[in-house]
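# An overview of the molecular structure
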Amino acid sequence: MNKTASGLDGLIAGETAISTLDHGLHYRGYALEDLVRDATFTEVAYLLLHGELPTQEALADFRAILAEAAEVPPAVVQLLQELPLHIAPIDALRTAISALAHFDEQANETGDTANLGKAIRLLGQVPVLIAARHRLTRGEEMADSDPELSFASNFLSMLTGQIPTARDERALEQSLICYADLEFNASTFTARIVASTGSDLHSAITAGVAALKGPLHGGANEDVLDLLLSVESPSQAEKFVRDAIAKKRRLAGFGHRIYRDHPDPRAVVLKDTCRDLATSSEQLRLEEIADSLEAVMWSLKQLRPNVDWPTARLYRMLGLDAELFTPMFAAARVAGWSAHVLEQQRDNRLITPRATYVGPAPRAFVPLRERG
Ligand SMILES: CC(C)(COP(=O)(O)OP(=O)(O)OC[C@H]1O[C@@H](n2cnc3c(N)ncnc32)[C@H](O)[C@@H]1OP(=O)(O)O)[C@@H](O)C(=O)NCCC(=O)NCCS
């Protein structure tokens, strides 16, 4: 048996044509930076699911199907309303996606056409679920989904009840593009494992959300805000980081399994987005604190920021509560997870690795009556 790779570090676990972290980040061959500059999230979702960028006509059709899908069965809305108030939005989302399967006529079909249909429906439904839970738990009415708006603008307006400015819409769009896919990351690999058993798309996405919520993965973007807000000024950054290192505490938003020797390209592009968004003195101060923490983390630990570092500031500047940050990540990653489920089930082989056994050597069984 081969030597164990701790955390499967460096292990090639399969093939994919969807995205690669080699030489930055590319989705289906397109550089992230180009997509962030010129594409919409809807185009990127189409690209991930279909393999090619849409023509104008194909995009219009895709948008129409997404808009139609943005209907959530009343029973699922009721479930979101009745879940206890203390349940975090990401947990409510996981439950609601699982519940949605019970109302999807193709729930257990695993063919390509059914998978694609379900993926597009989920892509349209997930923002509605997140916004519905957010508003209902505050005693507010659900805001209608508007098919005329872009994915990002519609998502923000369902959350806040107001149509965002073009600048805010574009900032959200860019963050969603950055979150849309990342090769065999933990939640995507989880979704692929589920898909490899022949299970259904909703189950795979539910499992993906379950893996995403952990603080080492997507849950980090919520912790980043706590961290940033606990540093009062740029001059306190060094003491803060030294204390954390002394306590062997990990700082959310830093470090990455793959982007070690090179910057996380998502963190680089979204830092610029944050720069453009920050206008108030409080926002500008938070940018300065973030810069100082980045500089100190680099000089003391040679660790760079990952995607969750800028998105926490970005979402705060869009007026979102921290508990919504990981659900925003999930809404974008539905595109990537679904593309991977489709790819896995097109050419499937059950994913079942081995383990290096480190337990007791074979030994004689002692019946209970003789064990005293
Ligand atoms: C993402 C992450 C889980 C990757 O972990 P990994 O590839 O297993 O990295 P390792 O555990 O091998 O860490 C290597 C070293 O860097 C340190 N390190 C890694 N991330 C760190 C962080 N965020 N803060 C402080 N130290 C960190 C580790 O303690 C270790 O140091 P050591 O060699 O002195 O013990 C890790 O960087 C992390 O916990 N980051 C914070 C959570 C986060 O932002 N997650 C979102 C990722 S997109």
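Higher on the page you've got the structure.
Every residue gets a number counted from 1 within its own chain, in the order that chain's sequence is written. Selection of residues for local features in this predicted model requires a pLDDT of at least 70, selection of side-chain atom pairs for listing and counting requires 80 or more, and totals for whole chains, interfaces and linings are taken over all residues. Side-chain calculation: all heavy atoms of the structure are included, whereas hydrogens and water are not.

## A look at helix H11 (residues 220-229)
- Among the residues making up H11, those that are buried are Ala220, Asn221, Val224, Leu225, Leu227 and Leu228. For H11, the arc enclosing every buried residue in end-on projection is 165°, short of the 170-degree limit, so these residues lie on one face.
- Buried residues belonging to H11 abut helix H8 (166-179), helix H12 (237-246), helix H14 (281-301), helix H15 (308-317) and helix H16 (325-346). The classification of residues rests on relative accessible area computed with a 1.4 Å probe and restricted to protein chains. Under 20% of the type maximum is buried, over 50% is exposed, and intermediate values are partly exposed. Numbered from the N terminus, helices here are DSSP runs of H or I no shorter than four residues, and strands are runs of E no shorter than two. Note: the arc covers the axis-to-C-beta directions of the helix. For this analysis, residues touch if any pair of their heavy atoms sits within 4.5 Å.

## Comments concerning the sheet that holds strand E3 (residues 30-31)
- Spatial strand order, E1-E2-E3: three strands in an open sheet with antiparallel pairing. Strands at the two margins of the open sheet, each flanked by one partner only, are strand E1 (19-20) and E3.
- A pair of strands is treated as paired once DSSP finds two or more bridges between them. Summarising the sheet, strand E2 (residues 26-27) and E3 pair through two bridges and their orientation is antiparallel. Its bridge partner lying in E3, histidine 26 is registered against alanine 31.

## A word on the packing of aromatic side chains
- Pairs were defined over the aromatic rings of Phe, Tyr and Trp, the Trp ring being its six-membered one, requiring ring centres within 6.5 Å. Orientation was assigned from the angle between planes: stacked under 30 degrees, edge-to-face over 60, tilted for the rest. One pass over the full model with this rule turns up seven aromatic pairs.
- For the pair phenylalanine 151 and phenylalanine 155, a centre-to-centre distance of 6.2 Å together with 80° between the ring planes defines the contact as edge-to-face. You can see phenylalanine 151 and its partner phenylalanine 155 sitting in helix H7 (residues 151-160), four residues apart, about one turn around the helix.
- The class for phenylalanine 151 is buried, based on a relative accessible area of 11%.
- On the accessibility criterion, phenylalanine 155 (0% relative accessible area) is buried.
- Note on phenylalanine 254 and tryptophan 309: the rings are 4.6 Å apart at their centroids and 50° apart in plane angle, and the pair reads as tilted. Residue phenylalanine 254 is located in the loop between H12 and helix H13 (265-277), and its partner tryptophan 309 is located in helix H15; the two are separated by 55 residues in the primary sequence.
- Using a relative accessible area of 10% as the deciding quantity, one classes phenylalanine 254 as buried.

## Considerations on the packing of helix H3 (residues 56-69) against helix H6 (residues 112-136)
- A fitted line through C-alpha atoms represents every axis, and for helices the fit uses only the stretch in contact; the resulting angles, taken between N-to-C directions, go from 0 to 180 degrees. Packing of H3 against H6 leaves a shortest axis separation of 7 Å and a crossing angle of 60°. In terms of their interaxial angle, H3 and H6 are classed as oblique. Here the hand of the crossing between H3 and H6 comes out right-handed. Here Phe62, Ile65, Leu66 and Ala69 of H3 come into contact with H6, specifically with Ile120, Arg121, Leu123, Gly124 and Gln125.
- Put simply, Ala, Val, Leu, Ile, Met, Phe, Trp, Tyr, Cys and Pro go in the nonpolar bin, Asp, Glu, Lys and Arg in the charged bin, and everything else, Gly too, in the polar bin. Looking at the contact of H3 with H6, its residues break down into six nonpolar, two polar and one charged. Any angle that falls under 35 degrees is termed roughly parallel, while one over 145 is termed roughly antiparallel, one within 65 to 115 roughly perpendicular, and all others oblique. Working rule for handedness: look at the near helix, and if it is turned counterclockwise from the far one by less than a right angle, call the crossing left-handed; if clockwise, right-handed.

## Points about the nonpolar core
- Tyr27, Phe41, Leu123, Leu293 and Tyr315 are the most contacted members of the largest nonpolar core, which has 111 residues in total.
- Take this core: its biggest share by element is twelve residues, from H16.
- Note: domain ranges come from an automatic or database domain assignment. Counting the residues that make up this core, at least three belong to each of domain 1 (27-213 + 324-346) and domain 2 (220-316).
- Other than its neighbours up to four places away in sequence, leucine 123 contacts Phe41, Ala45, Leu49, Phe62, Leu66, Phe151, Ala331, Val334 and Ala335. Within this scheme, the nonpolar core is defined by two criteria: the residues are buried Ala, Val, Leu, Ile, Met, Phe, Trp, Tyr or Cys, and they are joined through side-chain atoms within 4.5 Å.

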